[in-house]
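# Observations on chain architecture
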Amino acid sequence: MSTAPSEAAPAGRGYGPGRILLIVLGSLGALVAIALVVGGGVLVWANATQRDDDGYFTTSAERFATPTYALVHERVDVFAGDDTPRWFEDHLGSVKIRATSTTPVFVGIGPADAVESYVGGVERDLVDDVGYDPFHVDYARRDGSAPSSPPGDQSFWVASRGGAGTQTLTWEVRKGEWSVVVMNADGSRGVAADVAVGGKVDFLGWLALVLLLGGAVLLVGSGVLLALGIRGSAGPSGPGASGAAALPVAATAGPQAAPAYPVELEAELDPGLSRWLWLVKWFLAIPHWIVLVFLAAAYVVLTIFAFFAILFTGRYPASIFEFNVGVLRWGWRVAYYATNGIGTDRYPPFTLADVPDYPARLSVEYPERLSRGLVLVKWLLAIPHLVITAFLVGGVTWVFEGGWRLGPISLNTVLVLVAGFSLLFTSRYPEEVWRLVVGMNRWAMRVCAYVSLMRDEYPPFRLDP
């Protein structure tokens, strides 16, 4: 099922643990920095364009109605029980509630316990959930009787307004548990009002500035770490190079032929596979999954850098290419061992380098030049492939529809389970299943390399080498 690999220097040999750590830390820092800068920019935009004349961010006025005696939004927790310093409490901001009704209306904010004592025995609707795009409101009905007295007669309100027409309540937010009540001013049944809610934070502009400056400083620091991590690597060179190595010719699923596509995924099916080890390989591979999460973050950040490098220079930076191919190579070894193939019992090595004698290998030819225009649309051109490979090797997914449940399972997962049960009961991995599994992963890896901007050649719609 294999042919001997040709002699080649290990790809990725220039990336030791120290350099990998620098790249991972720099990439994680860059992701956080980008989030801070984007967050600061959004706050600047919102602060400048989304506030009303009084400086409040305000919802549209929407109809809230109940046939009962009161609408209650209960127990809004504002740092209740926390040792929040007074200076912070003084800068929590303020809220504004504007209610318009054809009959005299009352709007009040009060301590949650006091409000509960007043309306606890009153027939009312609790505002359970509100959405504004599009508007919807869910109520939870509580049975009871009429209130003992009109709401305006109560003394516990920290802020209240009542009367005919539009009533606007403003309140400086304080620590505690608070409830909001909308009733008819006379406490009668049948409440209907158009209500708009707004909030104002006085330090929003300063917060935006801190985010922007913090993001900029962190981005510079992350850039230094990335530069230290990727500098000094000779990178791929020469025709057919992958990382720092010539394109190897190793084990493939099927008859060997001259590679027609510059991304080559290879695998060998080990003889004498354990009957049961496949059941726990996913668990044994947890250390690899943890490392790969961080490597994937670095992969994303470096691909973004590569995008701009290709856009302006037409070249994929060699050191970044070497690292990213190493991440894909590492991921393929772990996937073949634990989830996407279970075709070997040999534990994967912790390295970005090519390991010539490991039964799962990956190589990508380094491109001397890349199209500067094509880099903008590869993701769009790859959509047919992405749809197909999601079905082929998408894995097991979980979806949330009122609760988590198992989502679609890929064909690769089904075939690996078939192979696993075959091993369990017959001690044999069906070769035809293995060829399909390796072929589907080969297809997916070609698409991954293309979308990751490593090659300009459009991937073929096929499973074979």
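Residues numbered from 1 in each chain as written. Predicted model: local features only at pLDDT ≥ 70, side-chain atom pairs only at ≥ 80, totals over all residues. Heavy atoms only, no water.

Below, the discussion takes up the overall build of the chain. Counting its regular elements, the chain contains 11 helices and 15 strands. Counting across all 465 residues of the chain, residues that qualify as buried make up 44%. In the chain, the share of contacts with a sequence separation of at least 24, taken over all contacts with a separation of at least 6, comes to 76%. Of the roughly 22100 Å² of accessible surface on the chain, a fraction of 65% belongs to carbon and sulfur atoms. (Helix = DSSP H or I, 4+ residues; strand = E, 2+ residues; numbered from the N terminus. Buried < 20%, exposed > 50% of the residue type's maximum accessible area, 1.4 Å probe, protein only. Contact = heavy atoms within 4.5 Å. Areas by Shrake-Rupley, 256 points an atom, 1.4 Å probe, with all protein chains shown as cover.)

Summed over the entire model, instances satisfying the criterion amount to one cavity of 30 Å³ or more. Taken as a whole, the largest cavity encloses approximately 40 Å³ of empty space. Elements that contribute at least two residues to the lining of the largest cavity include exactly strand 3 (70-78) and helix 3 (112-119). No other element matches the four residues that helix 3 contributes to the lining of the largest cavity. Here the residues of the lining of the largest cavity sort into four nonpolar, one polar and three charged. (1 Å grid on protein atoms, 1.4 Å probe; cavity = no way out; pocket = protein on both sides within 12 Å on 5 of 7 lines; lining within 4 Å. Points joined across faces, edges and corners; volume = space filled by probe spheres on them. Nonpolar A, V, L, I, M, F, W, Y, C, P; charged D, E, K, R; others polar.)

Across all of its chains, the model carries 19 aromatic pairs by this definition. Plain terms: the ring middles of Phe106 and Trp157 are 5.2 Å apart, the flat faces sit at 55 degrees to each other, and that makes the pair tilted. Residue Phe106 is located in strand 4 (residues 94-111), and its partner Trp157 is located in the loop between strand 6 (135-142) and strand 7 (159-172); the two are separated by 51 residues in the primary sequence. A single burial state applies to Phe106 and to Trp157, both of which are buried. Taking the centre distance of 5.0 Å and the plane angle of 70 degrees together, the rings of Trp171 and Trp178 count as edge-to-face. (Phe/Tyr/Trp six-rings, centres within 6.5 Å; stacked < 30°, edge-to-face > 60°.)

Another aspect to go through is the pairing of strand 12 (residues 263-267). Taken across its five residues, strand 12 has five buried, putting it largely inside the fold. A two-sided burial pattern is seen for strand 12, the buried positions comprising Val263, Leu265 and Ala267 on one face and Glu264 and Glu266 on the other. Direction of pairing for strand 12 relative to strand 13 (residues 360-364): antiparallel, over a ladder of five bridges. In the strand pairing of strand 13, Glu264 is matched with Ser363. (Pairing = 2+ DSSP bridges.)

As a further point, take the environment of Ala30. Residue placement: Ala30 occurs in helix 1 (residues 17-49). Among all residues touching Ala30, those that are not within four sequence positions of it are Leu219, Ser222 and Val301.

A few words on helix 1. Across its 33 residues, helix 1 extends 48 Å between first and last C-alpha, which sits within 8% of the 48 Å expected from 1.5 Å per residue. Turning to helix 1, its buried residues are Arg19, Ile20, Ile23, Val24, Gly26, Ser27, Gly29, Ala30, Ala33, Gly40, Leu43 and Ala46. (Expected span 1.5 Å × (residues − 1).)

What follows covers the pattern of salt bridges. Applying the stated criterion to the full structure yields 15 salt bridges. A salt bridge links Glu457 to Arg455; the nearest nitrogen and oxygen atoms lie 2.7 Å apart. Residue Arg455 is classed as buried on the basis of its relative accessible area of 8%. Each of the salt bridges in this network shares a partner with another, and the network as a whole consists of Asp52, Asp54 and Lys96. (Salt bridge = Lys/Arg side-chain N within 4 Å of Asp/Glu carboxyl O.)

Right, let's talk about unusual backbone geometry for a bit. Between Asp133 and Pro134 the backbone carries a cis peptide bond, its omega angle lying at 0 degrees. The topology assignment puts Pro134 in the loop between strand 5 (124-132) and strand 6. Non-glycine residue Ile342 carries a positive phi angle of around 45 degrees. By the element assignment, Ile342 lies in the loop between helix 7 (318-338) and strand 13. The phi dihedral of Ser427 is positive, around 60 degrees, even though this residue is not glycine. As for its placement among the helices and strands, Ser427 is situated in the loop between helix 10 (411-426) and helix 11 (431-451).

Put simply, helix 1 and helix 4 (residues 204-230) touch, their axes get as near as 7 Å, and they point 160 degrees apart. Classified by the angle their axes make, helix 1 and helix 4 are roughly antiparallel. Pair helix 1 / helix 4 crosses with left-handed handedness. When grouped by side-chain class, the residues that make up the contact of helix 1 with helix 4 number 22 nonpolar, 12 polar and one charged. (Axes fitted to C-alpha atoms, helices over the stretch in contact; angles between N-to-C directions. Parallel < 35°, antiparallel > 145°, perpendicular 65-115°, else oblique. Left-handed = near helix turned anticlockwise from the far one by under 90°.)

Direction of pairing for strand 3 relative to strand 5: parallel, over a ladder of two bridges. When the sheet's bridge partners are listed, Val72 is paired in strand 5 with Leu126. With eight bridges connecting them, strand 5 and strand 6 associate as antiparallel partners. Pairing of Asp125 across the sheet is with Arg141, part of strand 6. Hairpin connection of strand 5 to strand 6: two residues between the antiparallel strands.

Turning our eyes to something else, we now look at the side chain of Ser222. Of note, Ser222 is situated in helix 4. Classification of Ser222 by relative accessible area gives buried; the value is 3%. If we skip the residues at most four places from it in the chain, Ser222 touches Gly26, Gly29 and Ala30.

Attention shifts here to the confidence of the model for the chain. Predicted coordinates in areas of low pLDDT are best not read in detail. The share of residues in the chain with pLDDT of 70 or more is 87%, and the mean pLDDT across the chain is 87. Contacts for the low-pLDDT stretch residues 1-13, under 50 throughout, to residues beyond four places or in other chains number 40 contacts. Predicted confidence for residues 243-256 stays below pLDDT 50, and this span has 70 contacts to residues more than four positions away or in other chains. (pLDDT = per-residue confidence, 0-100.)

Topologically, Asp90 is positioned in the loop between helix 2 (86-89) and strand 4. The exposure class of Asp90 is partly exposed, given its relative accessible area of 35%. With 82 residues separating them along the chain, Asp90 and Glu172 place their C-alpha atoms 8.2 Å apart.

This part is about the environment of Gly39. Along the chain, Gly39 falls in helix 1. In this structure Gly39 comes out as partly exposed when scored by relative accessible area, which is 25%. Linking Gly39 and Leu211, residues 172 residues apart in sequence, is a C-alpha distance of 7.0 Å.

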